[in-house]
Amino acid sequence: MKEIDMNGVKVEMYDGIDELPIARFHKYNKMLLVDAGIGSDMADFDRHLAKAAGYIGKGDRDNAVKELENLRQCVNAVQQGLSPRHLAFAALVKSIGGEPCGDISDDGIRRTAERLATLTAGETATALGAAKKKIDTELKLYFPRLFDDAASKEYHSVLKRRTAEILKAVRGEEEAANKAQKLTTELLLFFNPVTFSGAASMEIRHDKQFEEMCLMLSRELHIDPKGMTVMEYYCAFERLKEEARKARRQAKGMKQR
């Protein structure tokens, strides 16, 4: 748990998997997902335009259309003053001035974000960034098989190569600038856009996957997963996976007899 000062008001927020309730973590993750896919400021607007242009240049019409649709939703978010990044931060807030922020419905999270409106964008980004770093580090430490992201590693590998080519270009090496530009385009289009509207919306899929996992844990382990912390939830999930592996090994052994 962490405390920050909001213009003289104490804000208490979750920043560790041993205390963070899984239901809040799910909401926080969903808002980060929306922020990564849609965004809510002019930098995100420019990013969508650049990616759409990149896909058009490659002749990838489907992804170009998805990117333009996400751009449209980004513009709507900017016009309405809705920042998924701020909503992700609000999902981690336990209390403001000693008053609990227990409502984590969409409306409840928005009300919490409104109460935090006096924080600057920089203050929000700093607090959210610190909490995210701590949560991500703990998840990778305790559950490496679940949170060791191979795609992210590959992305950072390309990023390192691009940095090396930029440094070579600064030193005047020929062709380095062209290589850096190609790697920049590769990074820009590394992750394909996803849909955030209609029945195939990533938000809907995210919610359904969480509900299905909770149902499975409840049925197989006779527990209330939504009342768990993030640590307890993923420990239960790993236990269920291990029991499933044992059952498969036993079944395989029976067949070989």
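Residues numbered from 1 in each chain as written. Predicted model: local features only at pLDDT ≥ 70, side-chain atom pairs only at ≥ 80, totals over all residues. Heavy atoms only, no water.

S.K.: Hey, could you run me through the packing of aromatic side chains in this one?
M.R.: Summed over all chains, the structure comprises ten aromatic pairs. Ring centres of Phe25 and Tyr234 lie 6.3 Å apart, and the angle between their planes is 90 degrees; this geometry places the pair in the edge-to-face category. Here Phe25, found in helix H1 (residues 22-37), pairs with Tyr234, found in helix H11 (residues 230-256); they are 209 residues apart in sequence, far enough to count as distant. The exposure class assigned to Phe25 is buried, which follows from its relative accessible area of 3%. Clustering of aromatic rings is evident, with ring pairs tying together Phe25, Tyr28, Tyr142, Phe143, Phe147, Phe210, Tyr233 and Tyr234. (Phe/Tyr/Trp six-rings, centres within 6.5 Å; stacked < 30°, edge-to-face > 60°. Helix = DSSP H or I, 4+ residues; strand = E, 2+ residues; numbered from the N terminus. Buried < 20%, exposed > 50% of the residue type's maximum accessible area, 1.4 Å probe, protein only.)

S.K.: Is there a simple way to think about the packing of helix H4 (residues 84-91) against helix H6 (residues 121-142) in this case?
M.R.: Interaxial distance between H4 and H6 falls to 10 Å at its minimum, and their mutual angle equals 55 degrees. On the basis of their axis angle, the class for H4 and H6 is oblique. Crossing handedness for the pair H4 and H6: left-handed. Only Ala121, Thr124, Ala127 and Leu128 of H6 make contact with H4, whose side of the interface consists of Arg85, His86, Ala88 and Phe89. (Axes fitted to C-alpha atoms, helices over the stretch in contact; angles between N-to-C directions. Parallel < 35°, antiparallel > 145°, perpendicular 65-115°, else oblique. Left-handed = near helix turned anticlockwise from the far one by under 90°. Contact = heavy atoms within 4.5 Å.)

S.K.: Looking at this structure, how should I read the environment of Asp35?
M.R.: Mapped onto the secondary structure, Asp35 falls in helix H1. When its relative accessible area of 12% is taken as the criterion, Asp35 is described as buried. If we skip the residues at most four places from it in the chain, Asp35 touches Arg47, Pro84 and Arg85.

S.K.: In this structure, what is going on with the sheet that holds strand E2 (residues 9-13)? I would like to understand it.
M.R.: Backbone hydrogen bonds are what pair the strands of a sheet, in a parallel or an antiparallel way. Sheet architecture is open: four strands sit in the order E1-E2-E3-E4, paired in antiparallel fashion. Sheet topology places strand E1 (2-6) and strand E4 (99-100) at the edges, where each strand pairs with a single neighbour. In the sheet, E2 pairs with strand E3 (residues 93-96) via three bridges, with the strands oriented antiparallel. Within E3, the position partnered with Val11 by the bridge is Ile96. (Pairing = 2+ DSSP bridges.)

S.K.: Explanation requested: the state of the cysteines in the structure shown.
M.R.: Every disulfide links exactly two cysteines, by a covalent bond between their sulfur atoms. Scanning the model with the defined rule gives zero disulfides in all. Between Cys235, a free cysteine, and Cys214, which holds the nearest cysteine sulfur, the sulfur-to-sulfur gap is 15 Å. (Disulfide = S-S within 2.5 Å.)

S.K.: Please clarify how the environment of Ser83 should be interpreted in this entry.
M.R.: Along the polypeptide, Ser83 turns up in the loop between helix H3 (61-80) and H4. A relative accessible area of 13% means that Ser83 is categorised as buried. Considering only alpha carbons, one finds Ser83 and Ile38, 45 residues apart in sequence, at a separation of 9.8 Å.

S.K.: Would you mind showing me how to read helix H9 (residues 176-188) here?
M.R.: Helical periodicity: at 3.6 residues per turn, an α-helix aligns residues three or four positions apart in one direction. When the terminal C-alpha atoms of H9 are compared, their 18 Å separation across 13 residues agrees well with the 18 Å that a helix rising 1.5 Å per residue should span. Buried-residue contacts for H9 involve helix H8 (150-170). (Expected span 1.5 Å × (residues − 1).)

S.K.: It is not clear to me how the layout of surface pockets should be interpreted in this structure. Could you clarify?
M.R.: Empty space among the atoms becomes apparent when a probe as large as a water molecule is rolled across them. Taken as a whole, the largest pocket encloses approximately 1800 Å³ of empty space. In terms of residue count, H1 provides more of the lining of the largest pocket than any other element does, nine residues in total. A breakdown of the residues in the lining of the largest pocket according to their chemical character gives 24 nonpolar, ten polar and ten charged. In this structure, the second largest pocket encloses a volume near 370 Å³. Considering the residues around the second largest pocket, the lining is formed by 18 residues, among which Val34, Leu82, Leu87, Arg110 and Glu203 are closest to the centre. Of the residues belonging to the lining of the second largest pocket, the class tally is nine nonpolar, four polar and five charged. (1 Å grid on protein atoms, 1.4 Å probe; cavity = no way out; pocket = protein on both sides within 12 Å on 5 of 7 lines; lining within 4 Å. Points joined across faces, edges and corners; volume = space filled by probe spheres on them. Nonpolar A, V, L, I, M, F, W, Y, C, P; charged D, E, K, R; others polar.)

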